[in-house]
Amino acid sequence: MANEDLKLKVAKEALKYVKDGMVVGLGSGSTAALFIRELGNKIQEEDLTVFGIPTSFEAKMLAMQYEIPLVSLDEYDVDIAFDGADEVEEKTLFLIKGGGGCHTQEKIVDYNAKEFIVLVDESKLVKKLGEKFPIPVEVIPMSYRVVMKALTELGGEPVIRLGERKRGPVITDNGNMIIDVFMKNIDDPIELEKEINNIPGVVENGIFTKVDKVLVGTKKGTVSLNRNKNKHLTL
Ligand SMILES: O=C[C@H](O)[C@H](O)[C@H](O)COP(=O)(O)O
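Residues numbered from 1 in each chain as written. Predicted model: local features only at pLDDT ≥ 70, side-chain atom pairs only at ≥ 80, totals over all residues.

Draft legend 1. Just the overall build of the protein chain, in detail. Counting secondary structure elements, the protein chain contains 6 helices and 15 strands. For the protein chain, the C-alpha radius of gyration of 17 Å lies close to 18 Å, the compact-globule estimate for 235 residues. For the C-alpha atoms alone, the extent of the protein chain along its principal axes is close to 55 × 35 × 30 Å. In the protein chain, which comprises 235 residues, the share counted as buried stands at 47%. For the protein chain, the share of sequence-separated contacts (at least 6 apart) that also reach a separation of at least 24 residues comes to 73%. (Helix = DSSP H or I, 4+ residues; strand = E, 2+ residues; numbered from the N terminus. Rg over C-alpha atoms; globule rule 2.2 N^0.38 Å. Buried ≥ 20, exposed ≤ 12 C-beta atoms within 10 Å, placed from the backbone. Contact = placed C-beta atoms within 7 Å.)

Take a look at the structure:
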């Protein structure tokens, strides 16, 4: 089964957690996009009162397309948030996010949700964070050189993320730059998340250490990995 099919299965499974009256955090990326589409359909079909809080410009546009009414953190708390990930450390459920440069708004919404559920296909599971993916770090543009120096001192290999159909750096939804930091053998993600954010000029990094549940699409079905329960449940 292709990864796209696994992502869709997980997105559909996630709908079971959405109840009438909830405020839902809407993640970014290709998996979250499928979830947003499926949620929009569910709201129309079942005539539910559900509000969304988007984590990016992309999520906002999709929510509007699929007619999910939007609210903001100014007025509402988030009941439940759904988001994708670039890497999931299987034992701890710690993540790397931000492959699409959206991790800052994602972390604000996801960390403030009463429940945060991650949606991935099995290709995202790793033994140790940093195995396949660099850590995205959003930085204030005038600080990029000194931040890169500090990231090198932390043991990373920082690279400025460049645009694909635009010359020069990728600019985030917040008007900042992204530095991707290659770092193998991340032994203490909780400490590293704090250390990177402590560098002046850093807005937010893509290590996520507060996750409640990960739904993993596998060829054998969707598996639910739960924090603190050490239980892998096949749905
Ligand atoms: O900035 C992007 C987000 O963190 C995405 O959630 C992450 O990159 C995973 O995206 P996808 O579901 O497309 O693999």
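Following the structure, the description resumes.
Draft legend 2. Layout of the site of the ligand. By nearness alone, 18 residues border the ligand, and G29, S30, G84, G99 and G100 come closest of all. Only α2 (30–46) and α4 (103–111) provide two or more residues apiece to the shell around the ligand. For the shell around the ligand, the element with the highest residue contribution is α2, accounting for 3 residues. Broken down by class, the residue content of the shell around the ligand amounts to 3 nonpolar, 11 polar and 4 charged. (Near = placed C-beta within 6 Å. Nonpolar A, V, L, I, M, F, W, Y, C, P; charged D, E, K, R; others polar.)

Draft legend 3. Focus on the sheet that holds strand β9 (residues 157–160). Read across the sheet, 4 strands follow the order β9-β10-β8-β11 without closing on themselves; strand pairing throughout is antiparallel. Edge positions in the sheet fall to β9 and β11 (202–205), since each of these pairs with one other strand and no more. Across the sheet, the mean angle from the axis of one strand to that of its neighbour is 30 degrees, orientation sign disregarded. Direction of pairing for strand β8 (residues 135–139) relative to strand β10 (residues 177–182): antiparallel, over a ladder of 5 bridges. Residue E138 lies in a different strand from β10, and its bridge partner there is I178. Contacts between helix α5 (residues 144–153) and the sheet are confined to β8, β9, β10 and β11, with β10 contributing the most and set at about 15 degrees to the helix. Packing against the sheet, helix α6 (residues 189–197) makes contact with β8 and β11, and its axis sits at approximately 160 degrees to β11. (Pairing = 2+ DSSP bridges. Axes fitted to C-alpha atoms, helices over the stretch in contact; angles between N-to-C directions.)

Draft legend 4. Inspection of helix α3 (residues 57–65) at higher detail. Of all the positions in α3, only E58, A59, K60, L62 and A63 are classed as buried. Those residues of α3 hidden inside the fold are in contact with β1 (23–26), α2 and β2 (51–54).

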